[in-house]
Amino acid sequence: MKNYEFDTMDLRRSSLAHNWMHSRDWLQMAEEGDPIIIVEGKGLDVVDSDGNTWMEVNGGYLNVNVGYGRDEIADAALEQMLNITFTPKYTTTPPVTELCEKLAMITPGNLERSWLVTGGSEANETAIKLARSYHKRRGEAGRYKIISRKGSYHGAMGITTWLGGDGGMSDFEPAPPGILHAPQPNPYRCELGGESPSEIAVKCAQAIEDLIVFHGPETVAAVIAEPVCSDRPFDAVSVPGPEYWPMIRQICDTYGVILIADEIVTGFGRTGKMFGVDHWGVVPDIMAIAKGMVSSYLPIGAAIAGSHVSDVFAGPENIFPMSLTFGGHPVAAAAALANLKIIEDENLVANADRMGKYLLDQLRSLEVDHPIIGNVRGLGLLTCVEIVQNRRTKARFPSSLNMPERLATKFRQHNLILRPKGTIVIAPPLCVRQDEIDRIVNVLDVV
């Protein structure tokens, strides 16, 4: 650890008084001695203000793909800051230009034009606006409805807040019009039933078509879905059967609906391929990216459109009427380029595939001795252990037992930063080594 000097208690008091942290209650944190004040990180490990080392299993919000402490990214950002930190209106910079070209090279199919934003919520919000604007420019202004899936997460903005269909959003009502929800293709728990992942995949894809037909194709603008549902309480890491994505691609083509792939979590190697949709050979009309694009060293993201979509915005009469002050910031773009170079130079996509298979095998080995493990699933370094009270019936623990908090406390006693929900999502940075996976699984085993 570097020679830092911190007054941890003073920092903690200040945070509890003024820092409105995400998804945490300051009264509970005060009782538990939280928050932990992190001052340094390297790889999977982070160090707090008292010098304690913690293993950060999920790299923030499943977003620090190359791990903490990569000097190459910091150096690239500093160099760009010393050159130019922002640009005059209607101009661009070398790193922004190079990044957009790089994204066009590594994304599938004809995805070739990037609308840069500052994060995942903005990327999805922009993708939806692009889809609606696209239809309007083609003379179909009645297409405004968006189909998403229950149990998903696409952000926390005006439209994206409502796309998951989880409820609990009453503070923000009324909901925007035109948001429709289809079932999640969860092979372990599916509301439509089914005996196999393939049967469930077909049923859930057909449910999307049923929604389009029922509401009228002339009213539906887009379908938005994560290739693999990420960190949600009960549908986490729902890897669909192989029929699902090709079917929804065909359905969207049949009815002229834009298909948006939300690759915020699954992009840039997380699933063992560069993008989640690559597992099924599907090319979306629009792809939303962020997180692993820069491993969250700086805020940046993008909505990338296929040429058949972006072409309708060509010409002075068709300019997309939206702008973001920090969208496409040159310093963030330089950091993203350095991040992508690390991913390629260190073969981190292949490592995610290899280590992901090892992690999944090790997690499944725990099932024999731990009957509360109902299901283990995953793809690449996006894995999940679902905790149940009864493995045969799949019954969950009652909320009165507060199982997630009890498990989090146990993990903390072993210096593991891991906060379960209804599931335990394990998605370490793509640079993870086998011995580090063993450390994680060993803690799960003894807990």
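Residues numbered from 1 in each chain as written. Predicted model: local features only at pLDDT ≥ 70, side-chain atom pairs only at ≥ 80, totals over all residues. Heavy atoms only, no water.

## Examining the pairing of strand β10 (residues 301-306)
Within β10, six of the six residues are buried, which leaves the element mostly enclosed by the surrounding structure. Inspection of the sheet shows strand β4 (residues 111-117) paired to β10 by six bridges, in the antiparallel sense. Each bridged residue has a counterpart across the sheet, and for serine 114 the counterpart in β10 is isoleucine 304. Here strand β9 (residues 286-289) pairs with β10 via four bridges, running antiparallel. (Buried < 20%, exposed > 50% of the residue type's maximum accessible area, 1.4 Å probe, protein only. Helix = DSSP H or I, 4+ residues; strand = E, 2+ residues; numbered from the N terminus. Pairing = 2+ DSSP bridges.)

## Focus on the environment of isoleucine 224
One can find isoleucine 224 in strand β7 (residues 220-225). Among the residues examined, isoleucine 224 registers a relative accessible area of 0% and is labelled buried. When the C-alpha atoms of isoleucine 224 and isoleucine 147 are compared, they prove to be 6.3 Å apart, with 77 residues separating the residues in sequence. Sequence-distant contacts of isoleucine 224, defined by excluding residues within four places in its chain, comprise Asn124, Ile146, Ile147, Ser148, Arg149, His154, Leu163, Ile260 and Asp262. (Contact = heavy atoms within 4.5 Å.)

## Some points on the packing of aromatic side chains
Within this structure, the stated rule accounts for six aromatic pairs. Seen in terms of ring centroids, tryptophan 20 and tryptophan 26 are 5.6 Å apart; in terms of plane orientation they differ by 85°. Their pairing is edge-to-face. Judged by centre distance (6.4 Å) and plane angle (85°), the ring pair of tyrosine 244 and tryptophan 245 falls under edge-to-face. Geometry around tyrosine 188 places lysine 394 over its ring, the cationic atom sitting 4.4 Å from the centre. (Phe/Tyr/Trp six-rings, centres within 6.5 Å; stacked < 30°, edge-to-face > 60°. Lys NZ or Arg CZ within 6 Å of the ring centre and 35° of its normal.)

## Here we look at the packing of helix α7 (residues 197-215) against helix α8 (residues 244-255)
Contact geometry for α7 and α8: axes closest at 9 Å, N-to-C directions at 15°. By the angle class used here, α7 and α8 are roughly parallel. Where α7 crosses over α8, the two elements pack in a sense that is right-handed. Residue-level inspection shows Ala201, Val202, Cys204, Ala205, Gln206, Ile208, Glu209, Ile212 and Val213 of α7 in contact with α8, the latter providing Tyr244, Met247, Ile248, Ile251 and Tyr255. A breakdown of the residues in the contact of α7 with α8 according to their chemical character gives 12 nonpolar, one polar and one charged. (Axes fitted to C-alpha atoms, helices over the stretch in contact; angles between N-to-C directions. Parallel < 35°, antiparallel > 145°, perpendicular 65-115°, else oblique. Left-handed = near helix turned anticlockwise from the far one by under 90°. Nonpolar A, V, L, I, M, F, W, Y, C, P; charged D, E, K, R; others polar.)

## Points about the pattern of salt bridges
Counted by the stated rule, this structure contains 21 salt bridges. With a closest N to O distance of 2.5 Å, arginine 189 and glutamate 386 form a salt bridge. Linking arginine 189 in the loop between β6 (179-182) and α7 with glutamate 386 in strand β12 (residues 382-387), this pair joins segments that are 197 residues apart in sequence. Taken as a pair, arginine 189 and glutamate 386 share a single burial class, namely buried. Among the charged side chains, a network of salt bridges with common partners joins Arg24, Glu32, Asp34 and Arg412. (Salt bridge = Lys/Arg side-chain N within 4 Å of Asp/Glu carboxyl O.)

## Focus on a nonpolar patch on the surface
On the surface, a cluster of nonpolar side chains totalling about 420 Å² of accessible area is made up of Trp20, Trp26 and Leu27. You can see leucine 27 is positioned in helix α2 (residues 26-32). Exposure remark for leucine 27: the relative accessible area of 56% places this residue in the exposed category. (Patch = residues over 30% accessible without salt bridge, like charges linked within 9 Å, V, L, I, M, F, W, Y side chains within 5 Å. Areas by Shrake-Rupley, 256 points an atom, 1.4 Å probe, with all protein chains shown as cover.)

## Some details on the nonpolar core
With 96 residues, the main nonpolar core has Leu103, Ile147, Trp245, Phe268, Ile289, Met293 and Leu363 as its most contacted residues. Among the nonpolar cores identified, the runner-up in size contains 21 residues, and Leu130, Ala131, Ile224 and Ile286 belong to it. (Core = buried A, V, L, I, M, F, W, Y, C linked by side-chain atoms within 4.5 Å.)

## So, the sheet that holds β12
One open sheet holds the three strands; their spatial order is β11-β12-β14, and the pairing between them is antiparallel. Taken across any chain shown, the strands that pair with only one partner, and hence form the sheet edges, are β11 (373-379) and β14 (423-426). Across this sheet, the average inter-strand angle for adjacent strands is 15°, counted without regard to direction. Looking at chain direction, β12 and β14 are connected through four bridges and run antiparallel.

## A few points about the environment of alanine 222
For alanine 222, the position within the fold is in strand β7. Looking at alanine 222, the relative accessible area reads 0%, which means it is buried. Put simply, alanine 222 and leucine 130 are 92 residues apart on the chain and 9.9 Å apart in space, counted from C-alpha to C-alpha. Beyond its immediate chain neighbours, meaning those up to four positions away, alanine 222 contacts Ala131, Lys145, Ile146, Ile147, Val257, Ile258 and Ile260.

## Thoughts on the sheet that holds β6
Strands in a sheet are paired, the pairing made by backbone hydrogen bonds, and the direction either parallel or antiparallel. The strand order across the open sheet built from seven strands is β4-β10-β9-β8-β7-β5-β6, with neighbouring strands paired in mixed fashion. In this open sheet, the two edge strands, each paired with only one partner strand, are β4 and β6. Sheet twist, expressed as the mean angle between neighbouring strand axes with direction ignored, is 20°. In the packing of helix α6 (residues 120-137) onto the sheet, the strands contacted are β4, β5 (145-149), β7, β8 (258-262), β9 and β10, and the crossing angle to β8 comes to about 175°.

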